[in-house]
Amino acid sequence: MHPAIRVQNVTKSFRLGTNSGRPNLTERLLGLVRKPRANPDNEFWALKGVSFDVTPGEVVGVVGRNGAGKSTLLKVLSRIVEPTAGRAELRGRVGSLLEVGTGFHPELTGRENVFLNGSVLGMSRREIAKNFDAIVAFAGVERFIDTPVKRYSSGMYVRLAFAVAAHLNPEIMIVDEVLAVGDAEFQNKCLGKMREVARGGRTVLFVSHNMTAVQSLCSRCVWLKDGTVHADGPAREVAEAYNRAAAGGGGAEVRLDAHPGRTLGSVRAMTRVRVCDDADGTSPAVPMGGTARVEVEFELDRPLADATLGVVVKDAYYSPIFGINNKVTPCPPQPGPLTAGTVVCRLPRLPLMPGVYPLDLYFGDRLNDFDTVHNAADLTVVAADVFGTGRLPPPNAGPVCWPATWEIRAARAPEGTTDGP
Amino acid sequence: MIEPRPGWALPDFRELWRYRELLYFLALRDIKVRYAQTVLGVGWALAQPLATMAVFALFLGRVGGVGKDVPNYPLFVYAGMVAWTFFGNTIGTAALSVVSNERLVTKIYFPRLVIPLATAGVGLFDLVLATALLGGLAAWWGVLPSWSLLLLPLVALALTLAAAGIGVLLSALIVAQRDFKYVLTFGVQLWMFATPSLYLPPEALSETARLWLPLNPAHGLVAAFRQSALGEAVDWYAFGVSAATGAALALFGMLYFRRVERTFADTI
Ligand SMILES: Nc1ncnc2c1ncn2[C@@H]1O[C@H](COP(=O)(O)OP(=O)(O)OP(=O)(O)O)[C@@H](O)[C@H]1O
Ligand SMILES: [Mg+2]
């Protein structure tokens, strides 16, 4: 089968220093990624030999840091900017949505803007007229459709703009971070529409910083880093890898010999702690709902027959969320008395929201904890699509993420309906 | 298929044709926006040529004495002014159109030529209104049109071509170099005075002037507009040369625009 999108060695350089009209813009854009004035009047390579194929019907997420070249890639594919070298081939009608409401004019009425914006996005007048009622209904602005949009609330404005784009019917859809604007309700609506588009068998290229959305919408994910393809594979894996890198790699192993959090009177027993994702054993960030592994190494001057470890997970304000030890939960017997060893604690189905959680460690024997270290290390939890809906609870609703099942009952059979209980 | 595309080429007119609806909606937008929330509304289309007519008729015609040999000098000036207003305004708005539609240029693909071309829509709208008033004024002064009125659409077309072509060229230059904005402002003003057919009868010009002046497309086209509207004898030489110069400028404008449009989104 022919790929719907074939990107071959696409390279884009921006010439800097020739932008006489708006030097500020260049400097601002440049400042995002490089040290200012590192290379005056030189070229900046936003894309360096990017290649990948997308088969028809595939939904591909594009992720990467700010300035990685994501928008530039989409602009090349939308023919807005021309590549410096390389080529790209797209088969089918392309609809690109790099911004919500491009071409809206505040003086024009909602109706006029729908037609204008629709034709800017490449719809024909007949098509717009046919979908007009659906667009207005989706946006929910029927009463205001003949009012100039400058009188709209910003929510109404964005809803109407998105409604037009949502009724675009291309074979290949290119979407850049439109989910980043608007309120939560609007974002959910966008996400719902995106999912519908994705299920409809269309080819979608989707840029987002929202890893949860990427994981739930996309089957595949391309990770751009400094203008090159850093990783390309199944969305879940790439997004998790990206999350881990974003959380900062390597910092999860902490030496405890001289840790400032050790309490007064503790016997120095714990030497090292490592916190990681149990799935791969190396990455420091654990996806929500995943299994965290806490490994504590100890060394003593006398053998210990019953090593005991307590772990307390705390929130960002250092209040305990939960604690656990191997006295209250079953633990297989240790291989005889030890003067040195490692206690491995696994915390499955981690019910935590994305964030960084300090850990307190309590080490000792059956009877007492003789070594206590506060804030010994951090547990980093990254977003994952735990509910399979692409959505997460609001971030200000506490550190715990807990599932629920639902049922809605009527007080009595509702009047005027036939499908009562 | 997306590839680097070097060199000079004509615009892709087939593609442009596919985007004619966008052209229509952009022109409609400009017209509506211009008249939204103005008290005088459509009257503004007439105010500019009328006001210029008044000033010219008073100062050049009366005080300067230019109007002595011209019957109905105010009408003479107004007729030329209608054509000039269209010409100058279209150049002005077309030239600034690409930079003022920056968001469209950087966020969506369509043939960029649509933007400056659409601005001709506002000008044409005004031109039709001002020409209607010209008909009224001519009747009031007792000047009746002749068969030459049939030439009017052709003259309007030549004017549009010349104005849009120059506007297209300037719009591309302004994207690269904002300095051209300032050139534009006083350039159009100076150009008006360099177009003597606006305020001088052809007889007042020397042989040499009559030979060379039509190389200024505005000169011959303004004269032809007035002559065909008011039923005067048409100066075919001036019309032909000016129309050809205008078309040549338009061709060059489009070639240049086409050459640099692919970098618009990078540099704007
Ligand atoms: N017109 C331009 N002129 C000069 N440099 C540009 C231009 N457009 C983009 N760049 C540079 O190209 C790089 C990539 O930009 P791009 O917008 O593609 O990043 P991005 O991955 O979309 O980032 P973000 O996540 O912030 O949207 C940036 O460093 C930017 O400074
Ligand atoms: Mg971007």
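These numbers were taken from a predicted model, which means no experiment stands behind them.

Remarks on the packing of aromatic side chains
So, step 1. Following the criterion strictly, the structure yields 19 aromatic pairs over all chains and no others.
So, step 2. Relative to B:Y256, the ring of B:F252 lies with its centre 6.5 Å away and its plane at 25°, an arrangement referred to as stacked. Of the two residues, B:F252 and B:Y256 are both situated in helix α11 (residues 236-260); the distance of four residues between them amounts to about one turn of the helix.
So, step 3. Assessed through its relative accessible area of 42%, B:F252 is described here as partly exposed.
So, step 4. The ring of A:F370 has A:R302 lying over it, and the distance from NZ or CZ to the ring centre is 5.5 Å.
So, step 5. Geometry around B:W17 places B:R20 over its ring, the cationic atom sitting 4.4 Å from the centre.

Looking at the layout of surface pockets
So, step 1. Empty space within the second largest pocket amounts to approximately 790 Å³.
So, step 2. Every residue lining the second largest pocket is counted, 28 residues in all, and those nearest its centre are A:R93, A:V94, A:G122, B:R18 and B:Y19.
So, step 3. Counting residues per element, the ones that place at least two in the lining of the second largest pocket are β5 (94-97) and α3 (110-120) of chain A together with α1 (13-18) and α2 (20-35) of chain B.
So, step 4. Classifying every residue of the lining of the second largest pocket gives 14 nonpolar, seven polar and seven charged.

Considering helix α4 (residues 73-100) of chain B
So, step 1. Along its 28 residues, α4(B) runs 39 Å from first to last C-alpha, staying within 8% of the 40 Å computed at 1.5 Å per residue.
So, step 2. In terms of residue burial, α4(B) counts as a mostly covered element, since 23 of its 28 residues are buried.

Re the interface of chain B and chain A
So, step 1. Tallying the contact residues gives 33 residues for chain B and 43 residues for chain A.
So, step 2. Both faces combined, the contact of chain B with chain A buries some 3400 Å², and carbon together with sulfur accounts for 56% of it.
So, step 3. Its largest share of buried area at the contact with chain A, chain B owes to B:I2, B:F25 and B:K107, together 21% of the area lost on that side.
So, step 4. Counting across the interface, chain B meets chain A through five salt bridges.

Some words on the sheet that holds strand β8 (residues 220-225) of chain A
All names here are of chain A.
So, step 1. With mixed pairing, six strands are arranged side by side in an open sheet as β5-β6-β7-β3-β8-β9. Among the strands making up the open sheet, the edge pair consists of β5 and β9 (228-234). Neighbour to neighbour, the strand axes of the sheet diverge by 15° on average, direction disregarded.
So, step 2. This element, helix α2 (residues 70-77), spans β3 (59-63), β6 (172-176), β7 (203-207) and β8 of the sheet and lies at about 150° to β6.

Overview of unusual backbone geometry
Comment: phi is negative for the bulk of residues other than glycine, and the bulk of peptide bonds are trans.
Residues and elements named next belong to chain A.
So, step 1. In this model, N9 sits at a positive phi of 55°, which is unusual for a non-glycine residue.
So, step 2. With respect to the secondary-structure elements, N9 resides in strand β1 (residues 5-15).
So, step 3. Taking relative accessible area as the criterion, N9 reaches 48% and is therefore assigned partly exposed.
So, step 4. In this structure, R349 takes a positive phi of about 45° despite not being glycine.
So, step 5. Among the residues examined, R349 registers a relative accessible area of 67% and is labelled exposed.

Quick notes on the domain arrangement of chain A
Residue and element names in this part refer to chain A.
So, step 1. Examined at the domain level, chain A breaks down into domain 1 (5-246) and domain 2 (252-384 + 392-397).
So, step 2. One C-alpha centre belongs to domain 1, the other to domain 2, and the line joining them spans 43 Å.
So, step 3. Taken residue by residue, the interface counts five residues in domain 1 and nine residues in domain 2.
So, step 4. Summed over both partners, the interface of domain 1 with domain 2 buries about 570 Å², with 59% contributed by carbon and sulfur atoms.
So, step 5. Three residues, T212, N243 and R244, lead the burial of domain 1 against domain 2; their summed loss comes to 75% of the area buried on that side.
So, step 6. The interface formed by domain 1 and domain 2 contains zero salt bridges.
So, step 7. Our count for the contact surface shared by domain 1 and domain 2 stands at zero residue pairs in polar contact (both at pLDDT 80 or more).
So, step 8. Of all the elements in the fold, those that place two or more residues in the side of domain 1 that touches domain 2 are α7 (211-217) and α8 (235-246).

Rules and cut-offs
Residues numbered from 1 in each chain as written. Chains lettered and ligands numbered in written order. Predicted model: local features only at pLDDT ≥ 70, side-chain atom pairs only at ≥ 80, totals over all residues. Heavy atoms only, no water. Phe/Tyr/Trp six-rings, centres within 6.5 Å; stacked < 30°, edge-to-face > 60°. Helix = DSSP H or I, 4+ residues; strand = E, 2+ residues; numbered from the N terminus. Buried < 20%, exposed > 50% of the residue type's maximum accessible area, 1.4 Å probe, protein only. Lys NZ or Arg CZ within 6 Å of the ring centre and 35° of its normal. 1 Å grid on protein atoms, 1.4 Å probe; cavity = no way out; pocket = protein on both sides within 12 Å on 5 of 7 lines; lining within 4 Å. Points joined across faces, edges and corners; volume = space filled by probe spheres on them. Nonpolar A, V, L, I, M, F, W, Y, C, P; charged D, E, K, R; others polar. Expected span 1.5 Å × (residues − 1). Contact = heavy atoms within 4.5 Å. Buried area = accessible area lost by both parts, 1.4 Å probe. Salt bridge = Lys/Arg side-chain N within 4 Å of Asp/Glu carboxyl O. Pairing = 2+ DSSP bridges. Axes fitted to C-alpha atoms, helices over the stretch in contact; angles between N-to-C directions. Domains from an automatic or database assignment. Polar contact = N/O pair within 3.5 Å; in protein donor to acceptor, adjacent residues only side chain to side chain.

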